[in-house]
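Read off the chains here:
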Amino acid sequence: MHLFSYHNPTTLFFGKGQIIAVRRAIPEKHKVLVLYGGGSVKKNSVLDQVRAALNKHTFLEFGGIEPNPSYETLMGAVELAKREGIDYLLAVGGGSVIDGAKFIAAAIPFEGKDAWDIVEKHAPVTKVLPLSCVLTLPAAGSESNNGAVISHTAKGVKLPFFHPQLYPVFAVLDPTTTYTLPLKQIGNGVVDAFVHVAEQYLTAPAQAFVQDYYAEGLLKTLLEIGPQTLQHPLDYEARANFMWAANQALNGLIGVGVPQDWSTHMIGHELTAMYGFDHAQTLAAILPHNLRVRRKSKRAKLLQYARRVWNITESDEEKAIDMAINKTAAFFEAMGLKSSLAKLGVERDVIEKLPVRLQEHGLTALGEHGEVTPVVVKQILTASMG
Ligand code: NZQ
Ligand code: ZN
């Protein structure tokens, strides 16, 4: 196991009825900006619950943060917040609203010329506004990590950024807020969380028993409750386990002391920027092919995955690995996503174009050993094109 430091400061309020916790958790001295997306939180009364919890606070609202939140939209909130003297952000929604809040929190006190530099040029950020969230879509894990992924529409790019001060102060995880999710977003959330675990687990052995067994437990949980929660939208226990698994998949815990991959995510961000696909859809179309192309270097963990997660007893080890990868792709399909770029109808020129974009973003040595070069990316894309 590698050396590590672990600190996750986000307080979680988990369970039905927990939105009221917002009242005590945000000191009344703050002037709050409530951020939300395209309106789902208005339809399902989550915003009403937040307003009721904040009835002793001074607060304003800013809606319209879109999936794959854009710099352009977020700068509207930055201007409003500066004008109104906002000093606390409360994101109400899925990963996009929470990621957007993180960018806004860093952009408000930013003294440089253009806040986009925080994302693209890693411009130093010394001060951020406190932010918290009410999660309505289990998927990204953004509610208790310090990362965000922001799109710049004019430039046509989607890039991640991280900052140690951007962990939310607290996150409310009330599974009943997810009852109104469209089936497509349930499938997206389960697959995104599954791939988060895969990118931290399907790498190289590190003698990290705790992280491995925990990762396998999360994967098995997602395999079990994924179909269940698709079929029974009002099943509280299924939603609760989904919400908790997605949170644990990317709160930093299973990634400590072990190699991490993230090449599927980096390829996926380019696919969203190029074609507008949902984040999880890009992952479903890439991960199985990424695993096939890199099966030699990932062999030990792939075999462990086949045996422990899928209970495959086939004695031929190569066959067992094939079976595990095929079952992974079939699971993504069962969750309503396509498991290849060919099935998504993408043109073959993606094989040439996408690695160039990764190069432009300095992403030429991805993967747990830096072995995912533009040549390997081409192999993965070629495999996904069938
Ligand atoms: O905008 P509204 O109207 O709220 O509708 C949203 C949106 O259309 C809807 N929705 C959310 N909660 C709902 C609901 N509809 C009905 N009932 C509810 N309870 O779902 C749609 C998708 O929402 P979005 O927030 O975009 O989805 P998700 O949570 O999957 O977030 C995706 C974003 O997270 C980033 C992705 O790149 C993508 O931009 N990620 C962030 C990460 C992080 N910060 O650590 C890691 C992830 O890998 C991911 O990259
Ligand atoms: Zn993801």
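Let me begin by describing the structure that accompanies this report. (Residues numbered from 1 in each chain as written. Chains lettered and ligands numbered in written order. Predicted model: local features only at pLDDT ≥ 70, side-chain atom pairs only at ≥ 80, totals over all residues. Heavy atoms only, no water.)

The next point concerns helix H15 (residues 374-385). If you check H15, its first and last C-alpha atoms are 16 Å apart, about what 12 residues at 1.5 Å a residue would give, namely 16 Å. All of the buried residues in H15 are Pro 374, Val 376, Val 377, Ile 380, Leu 381, Ser 384 and Met 385. Two residues or fewer past H15, Gly 386 is found with a positive phi of approximately 80 degrees. (Helix = DSSP H or I, 4+ residues; strand = E, 2+ residues; numbered from the N terminus. Expected span 1.5 Å × (residues − 1). Buried < 20%, exposed > 50% of the residue type's maximum accessible area, 1.4 Å probe, protein only.)

Looking now at the side chain of Asn 188. For Asn 188, the location among the structural elements is in helix H7 (residues 183-201). With relative accessibility at 8%, the residue Asn 188 sits in the buried group. If we ignore the near neighbours within four places in the chain, the residues touching Asn 188 are Asp 278, Ala 280, Gln 281 and Leu 337. (Contact = heavy atoms within 4.5 Å.)

Moving on to the site of ligand 1. As a structural note, the neighbourhood of ligand 1 is formed by 33 residues, with Gly 38, Ser 40, Gly 95, Ser 96 and His 196 the closest of them. Taking Gly 147, its main chain carries an N or O atom lying 3.0 Å from a nitrogen atom of ligand 1. Contact distances for ligand 1 include 2.8 Å between an oxygen atom and a side-chain N or O atom of Lys 158. Isolated, ligand 1 exposes 970 Å² of accessible area, and the fraction of that covered by the protein chains is 88%. Counting residues per element, the ones that place at least two in the shell around ligand 1 are helix H5 (95-107), strand E6 (147-152), H7 and helix H10 (263-275). Residue classes in the shell around ligand 1 are distributed as 10 nonpolar, 20 polar and 3 charged. (Near = heavy atom within 4 Å. Polar contact = N/O pair within 3.5 Å; in protein donor to acceptor, adjacent residues only side chain to side chain. Areas by Shrake-Rupley, 256 points an atom, 1.4 Å probe, with all protein chains shown as cover. Nonpolar A, V, L, I, M, F, W, Y, C, P; charged D, E, K, R; others polar.)

Let us now look at the pattern of salt bridges. This model, assessed by the stated rule, comprises 21 salt bridges. Put simply, Asp 117 and Lys 121 hold a salt bridge, and the shortest N to O gap is 3.8 Å. Lys 121 gets classed as exposed once you look at its relative accessible area, which sits at 58%. Through salt bridges with shared partners, a single network forms among Asp 261, Arg 294, Lys 298, Glu 368 and Glu 371. (Salt bridge = Lys/Arg side-chain N within 4 Å of Asp/Glu carboxyl O.)

What follows deals with the environment of Leu 337. Along the chain, the position of Leu 337 falls in the loop between helix H13 (317-334) and helix H14 (350-360). A relative accessible area of 4% places Leu 337 in the buried class. As a C-alpha pair, Leu 337 and His 289 span 48 residues in sequence and 15 Å in three-dimensional space.

Within the secondary structure, Asp 48 is located in helix H3 (residues 46-53). Take Asp 48: its relative accessible area is 42%, and that puts it in the partly exposed class. Sequence spacing of Asp 48 and Ser 151 is 103 residues, and the spatial spacing of their C-alpha atoms is 29 Å.

It is at 9 Å that the axes of H7 and helix H9 (residues 236-249) come closest, and there the two elements cross at 35 degrees. Between H7 and H9 the crossing geometry is left-handed. Counted together, Ile 186, Gly 189, Val 190, Ala 193, His 196, Val 197 and Gln 200 of H7 and Arg 239, Phe 242, Ala 246 and Ala 249 of H9 form the full contact between these two elements. Considered class by class, the residues forming the contact of H7 with H9 number 7 nonpolar, 3 polar and 1 charged. (Axes fitted to C-alpha atoms, helices over the stretch in contact; angles between N-to-C directions. Left-handed = near helix turned anticlockwise from the far one by under 90°.)

Quick look at the coordination of the zinc ion (ligand 2) now. Within the first shell, the zinc ion (ligand 2) binds the protein through Asp 192 (OD), His 196 (NE2), His 265 (NE2) and His 279 (NE2), at distances of 2.0 to 2.2 Å. The sequence pattern formed by the donor residues of the zinc ion (ligand 2) is D-x3-H-x68-H-x13-H. You can see His 265 sitting in helix H10 and its partner His 279 sitting in helix H11 (residues 279-293), a full 14 residues away along the chain. Exposure class is identical for His 265 and His 279. Each is buried. (Donors = N, O, S within 2.8 Å, 3.2 Å for Na, K, Ca; no water.)

The next point concerns the sheet that holds strand E1 (residues 11-14). One open sheet holds the 6 strands; their spatial order is E1-E8-E5-E4-E2-E3, and the pairing between them is parallel. Sheet topology places E1 and strand E3 (58-62) at the edges, where each strand pairs with a single neighbour. Each neighbouring strand pair of the sheet contributes to a mean axis angle of 20 degrees, computed without reference to strand direction. Relative to strand E8 (residues 170-173), E1 is paired through 4 bridges, and the arrangement is parallel. In the strand pairing of E8, Phe 14 is matched with Leu 173. Seen against the sheet, helix H4 (residues 71-84) touches strand E2 (31-36) and E3 and runs at an angle of roughly 155 degrees to E3. (Pairing = 2+ DSSP bridges.)

Attention shifts here to unusual backbone geometry. Phi is positive for Asn 68, close to 55 degrees, though the residue is something other than glycine. Relative to the helices and strands, Asn 68 is located in the loop between E3 and H4. Located in the positive-phi region is Asn 311, a residue other than glycine, with phi close to 55 degrees. Within the secondary structure layout, Asn 311 lies in the loop between helix H12 (299-308) and H13.

Most of E2 is tucked away: 5 of the 6 residues are buried. Where E2 meets E3, 5 bridges bridge the pair, whose relative direction is parallel. Considered in E3, the bridge of Val 32 is made with Phe 59. Alignment of E2 against strand E4 (residues 88-93), held across 5 bridges, turns out to be parallel. Paired with Val 34 across the two strands is Leu 90, which belongs to E4.

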